[in-house]
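Letter by letter, the chains look like this.
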Amino acid sequence: MSTNIVWHQTSITKKDRRKRNGHHSAILWFTGLSGSGKSTIANAVSKKLFDLGIQNYVLDGDNIRHGLNKDLGFSVEDRTENIRRIGEVAKLFVDSGQFVLTAFISPFAQDRELVRNLVEKDEFIEIYVKCPLEECERRDPKGLYKKARNGEIRDFTGIDSPYEAPVSPELILETDRYTIDECANQVLAYLRNRNFIKGEF
């Protein structure tokens, strides 16, 4: 724990930034099994928001592990620390007045709840990217399920490590039933219905 530090109040507030941007800011937390479509949908939503002039940024699980979290593995402890760090970074984006879209398996409910508690009540939107394990394995875009089944990867979510599906997410996207574009539009409809954003898409 750091000592002898004091929180410094900034001269520009979150409210100021939101007013300048003309929209709300929040974490769109995409969670689901590997291969469910989290990153693809997050980027599709990001593009639609961008086209509407809405400030946003995507934090992707693999990309973060190339830099900020490259020192972490996939043990339970490291997965928890991975999500804790992402939560703190995402909180900064919310404070900057932007939407931050996070695409992480984030298999443990307790870790996702930790991030939810970092921000205000309407600033964490849990989006369960729901897809049967069998379909995720069929897709296997990175060949990870095959490696996990062959014992080449340990602690792989859905195979030898559990995934705790959200009980009451703000939104469920069923990627085995709907296209990427349809799922992305469901997210934008959710945001617009809550007056977080404006504009047609």
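These numbers come from a predicted model, not from an experiment.

Caption draft 1: Focus on the overall build of the protein chain. Helices and strands together make up the secondary structure of the protein chain, namely eight helices and five strands. Walking the protein chain from its N terminus toward its C terminus, one meets helices and strands in the order α-β-α-β-α-α-β-α-β-α-α-β-α. The C-alpha radius of gyration computed for the protein chain amounts to 17 Å, which stays within 12% of the reference 17 Å derived for 201 residues, consistent with globular compactness. Seen along its three principal axes, the alpha-carbon backbone of the protein chain occupies a region of about 55 × 50 × 30 Å. Taken across its 201 residues, the protein chain has 45% of its residues classed as buried. A sequence separation of at least 24 residues applies to 73% of the contacts in the protein chain between residues at least 6 apart. Carbon and sulfur atoms provide 50% of the accessible area of the protein chain, an area that totals close to 11,400 Å².

Caption draft 2: The sheet that holds strand E1 (residues 27-31), seen in detail. Spatially, the five strands line up as an open sheet ordered E2-E3-E1-E4-E5, and their pairing is parallel. Edge positions in the sheet fall to strand E2 (56-60) and strand E5 (171-174), since each of these pairs with one other strand and no more. Averaged over all pairs of adjacent strands, the angle between their axes in this sheet comes to 20°, without regard to strand direction. As judged from the four bridges shared by strand E4 (residues 124-130) and E5, these two strands associate in the parallel manner. Among the inter-strand pairings, Val 129 is bridged to a residue of E5, identified as Leu 173. Lying over the sheet, helix H8 (residues 180-193) contacts E1, strand E3 (99-103), E4 and E5, oriented at roughly 165° with respect to E5.

Caption draft 3: Quick peek at the UniProt feature "binding site: ATP" (unreviewed entry) in the protein chain. What UniProt calls "binding site: ATP" (unreviewed entry) maps, in this numbering, to Gly 32, Leu 33, Ser 34, Gly 35, Ser 36, Gly 37, Lys 38 and Ser 39. Within the element layout of this structure, Gly 32 appears in the loop between E1 and helix H2 (38-51). In contact with Gly 32, not counting residues within four places along its chain, are Lys 38, Phe 104, Ile 105, Val 129 and Tyr 163. Setting aside its immediate chain neighbours within four residues, Gly 35 contacts Cys 136, Arg 139 and Pro 141.

Caption draft 4: Inspection of the environment of Lys 14 at higher detail. Relative to the helices and strands, Lys 14 is located in helix H1 (residues 14-21). Ignoring anything within four residues of it in the chain, the contact list for Lys 14 reads Ser 25, Val 94, Asp 95, Glu 120 and Glu 123. In this structure the side chain of Lys 14 is engaged in a polar contact, spanning 3.1 Å, whose partner is the side chain of Glu 120. Polar side-chain contacts of Lys 14 include one of 2.7 Å to the side chain of Glu 123.

Caption draft 5: Fine view of the state of the cysteines. The final tally for this structure, using the stated rule, is zero disulfides. Of the cysteine sulfurs around Cys 131, a residue in no disulfide, the closest is that of Cys 136, at 3.8 Å. Its sulfur unpaired, Cys 183 is 9.7 Å from the next cysteine sulfur, which belongs to Cys 131.

Caption draft 6: Summary view of the packing of H2 against H8. The geometry of H2 relative to H8 is characterised by a closest axis approach of 9 Å and an angle of 55° between their N-to-C directions. The orientation of H2 with respect to H8, classified from their angle, is oblique. Both H2 and H8 take part in a crossing whose hand is right-handed. Seen from H2, the contacting residues are Thr 40, Ile 41, Ala 44, Val 45, Lys 48 and Leu 49; seen from H8, they are Ile 180, Asp 181, Cys 183, Ala 184, Asn 185, Val 187, Leu 188 and Leu 191. The residue makeup of the contact of H2 with H8, split by class, is ten nonpolar, two polar and two charged.

Rules behind the numbers
- Here the residue numbers are simple positions, counted from 1 along each chain's written sequence.
- Reporting of local features is limited, given that this is a predicted model, to residues whose pLDDT is at least 70; pairs of side-chain atoms are given and counted only at 80 or more, and all residues count toward the totals for whole chains, interfaces and linings.
- Each side-chain value is worked out from all heavy atoms of the structure, with water and hydrogens disregarded.
- We count a stretch as a helix when DSSP gives it H or I for four or more residues in a row; a strand needs E for two or more, and each element gets its number in order from the N terminus.
- Each radius of gyration is computed over the set of C-alpha atoms, and the globule rule expresses the reference value as 2.2 Å times the number of residues to the power 0.38.
- Relative accessibility under 20% of the residue-type maximum defines a buried residue, over 50% an exposed one, and the middle range a partly exposed one, all with a 1.4 Å probe and only protein chains included.
- Whether two residues are in contact is decided by their heavy atoms, any of which lying within 4.5 Å being enough.
- Reported accessibility uses the Shrake-Rupley method at a 1.4 Å probe radius. Residues are deemed covered only where the shown protein chains occlude them.
- Strand pairing is assigned whenever DSSP identifies at least 2 bridges connecting the two strands.
- Lines fitted to C-alpha atoms define the axes, with helix axes restricted to the stretch in contact, and inter-axis angles between N-to-C directions lie between 0 and 180 degrees.
- UniProt positions are given in the numbering used here, feature names are shortened, and annotations may be inferred rather than shown by experiment.
- The term polar contact refers here to a pair of N or O atoms within 3.5 Å; inside protein, the definition further demands a hydrogen-donor-capable atom paired with an acceptor-capable atom, and it admits residues adjacent in sequence only when both atoms are side-chain atoms.
- Disulfides are defined in this document as cysteine sulfur pairs within 2.5 Å.
- For classification purposes, angles smaller than 35 degrees are called roughly parallel, those larger than 145 roughly antiparallel, those between 65 and 115 roughly perpendicular, and all remaining angles oblique.
- Should the near helix be turned anticlockwise from the far one by less than a right angle, the crossing is termed left-handed; should it be turned clockwise, right-handed.
- Lys, Arg, Asp and Glu make up the charged group, whereas Ala, Val, Leu, Ile, Met, Phe, Trp, Tyr, Cys and Pro make up the nonpolar group; the residues left over, Gly among them, are polar.

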